[in-house]
Amino acid sequence: MTEASVQQSGAVRQGEDFVRAAREDKRARAEAIGVDADYIASFVDRFYARIRKDDLLGPIFAERIADWDEHLGRMKRFWRSILHNSGEFSGNPMVKHMAIPGLDASHFAHWLDLFYATLREDEPDPAATRLVGARARMIADSLLTGIETQRNGLVGARAGKDLPHA
């Protein structure tokens, strides 16, 4: 093994150690305010139960979700990846959302309102609602902006600016 490859190998290990430490820190900070894996599972289950009953969003989901257990598992992995930086989610939510005709700001605002209400129902700490709610809003903004930019070009670049906050 050459000296350069030894140095490169050491740099890779340092990078991996840094990523691992950053993930552990993010998870520890979230768990300190009650956002642990059980909390994530609970809010995902409660939120999607609410979605399924909703007059506006329920039909959109019902048309696309055949296996709710599979979808809930995917959403739990997604939210653990977002909130704990677990790295366990793979997928492309943007592509899935772009494929839904007619999806607009009113859908995302309503989704956020339901999301925030679900968070407040079982709030372990106001900081938990702020953390999870801020991530949800960031995701909604990103998806809406992507959809609107795809449809309307740069005019859609600030599509999510008026979405509600937690």
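Every chain is numbered on its own, with residues counted from 1 as its sequence reads. In view of the model being predicted, local features appear only for residues whose pLDDT reaches at least 70, and side-chain atom pairs are presented and counted only at 80 or more, with totals across whole chains, interfaces and linings using the full set of residues. Side-chain measures here rest on the full set of heavy atoms in the structure, leaving out hydrogens and waters.

Here we look at the packing of helix α2 (residues 37-53) against helix α4 (residues 68-84)
Where α2 contacts α4, the axes come no closer than 9 Å and their chain directions differ by 130°. Between α2 and α4, the interaxial angle falls into the category oblique. For the pair α2 and α4, the crossing hand works out as right-handed. For the pair α2 and α4, the contacting residues are A37, I40, A41, F43, V44, D45, Y48 and R52 in the first and W68, H71, L72, M75, K76, W79, R80, L83 and H84 in the second. Note on residue classes: Ala, Val, Leu, Ile, Met, Phe, Trp, Tyr, Cys and Pro are nonpolar, Asp, Glu, Lys and Arg are charged, and everything else, Gly too, is polar. Here the residues of the contact of α2 with α4 sort into 11 nonpolar, two polar and four charged. Axes here refer to lines fitted to C-alpha atoms; in helices the fit is confined to the stretch in contact. Angles between the N-to-C directions go from 0 to 180 degrees. Strands are runs of DSSP state E lasting at least two residues, helices are runs of H or I lasting at least four, and both sets are numbered from the N terminus onward. Oblique is the label for any angle not covered by the other classes, which are roughly parallel (under 35 degrees), roughly antiparallel (over 145) and roughly perpendicular (65 to 115). Two helices crossing with the near one rotated counterclockwise from the far one by less than a right angle form a left-handed crossing, whereas a clockwise rotation gives a right-handed crossing. By definition, residues are in contact when any of their heavy atoms lie within 4.5 Å.

Describing the environment of E88
Secondary-structure assignment places E88 in the loop between α4 and α5 (93-98). Among the residues examined, E88 registers a relative accessible area of 33% and is labelled partly exposed. With 33 residues separating them in the primary sequence, E88 and D55 have C-alpha atoms 32 Å apart. Leave out the neighbours within four places in its chain, and E88 touches R77, R80 and S81. The definition of a polar contact used here is a pair of N or O atoms within 3.5 Å, where within protein one atom must be able to donate a hydrogen and the other to accept one, and adjacent residues in sequence count solely through side-chain atom pairs. Engagement of the side chain of E88 in a polar contact is seen with the side chain of R80, the distance being 2.6 Å. For each residue, the accessible area found with a 1.4 Å probe, counting protein chains only, is set against the maximum for its type, and the residue is called buried under 20%, exposed over 50%, and partly exposed in between.

Digging into the pattern of salt bridges
Salt bridges are identified by distance alone: a Lys or Arg side-chain nitrogen within 4 Å of an Asp or Glu carboxyl oxygen. As enumerated under the stated definition, the model contains 11 salt bridges in all. Here E63 and R64 are joined by a salt bridge, their closest N and O atoms 3.5 Å apart. Connected through shared salt-bridge partners, R46, R50 and E121 make up one network.

A few points about the confidence of the model for the protein
Each residue gets a pLDDT score, which is the predictor's confidence in that residue and runs from 0 to 100. For the protein, mean pLDDT is 89; residues scoring 70 or higher make up 93% of the total. At the level of individual helices and strands, the protein shows its lowest average pLDDT in helix α1 (residues 3-32), which scores 76, and its highest in α2, which scores 97.

Things to note about the layout of surface pockets
Every definition here rests on a 1 Å grid over the protein atoms only: cavities are sets of points where a 1.4 Å probe fits but cannot get out, pockets are open sets enclosed by protein on both sides within 12 Å along at least five of seven lines, and lining residues have some atom within 4 Å of a point. Grid points are joined across faces, edges and corners, and a volume is the space filled by probe spheres set on the points. Considered as a void within the structure, the largest pocket measures approximately 730 Å³ in volume. Lining the largest pocket are 29 residues, with F61, H71, M75, K96 and H97 positioned closest to its centre. Among the secondary structure elements, those contributing two or more residues to the lining of the largest pocket are α3 (58-64), α4, α5, α6 (105-121) and α7 (126-152). Among the residues making up the lining of the largest pocket, the classes are represented as 18 nonpolar, six polar and five charged.

Some remarks on unusual backbone geometry
One non-glycine residue with positive phi stands out, namely N85, at about 55°. Tracing the backbone through its elements, the reader meets N85 in the loop between α4 and α5.

Some points on α2
With 17 residues, α2 extends 25 Å between its outermost C-alpha atoms, agreeing within 8% with the 24 Å of an ideal straight helix rising 1.5 Å per residue. All buried positions along α2 are accounted for by Y39, I40, F43, V44, F47, Y48 and I51. Relative to the axis of α2, the buried residues are bounded by an arc of 145° and lie together on one face. Exposed residues pointing more than 90 degrees away from the buried face of α2 are listed as D38 and K53. For α2, the elements touching its buried residues are α3, α4, α6 and α7. Multiply 1.5 Å by the residue count of a helix minus one, and that product is the helix's expected span. Summarising the geometry, the arc corresponds to the directions from the helix axis toward the C-beta atoms.

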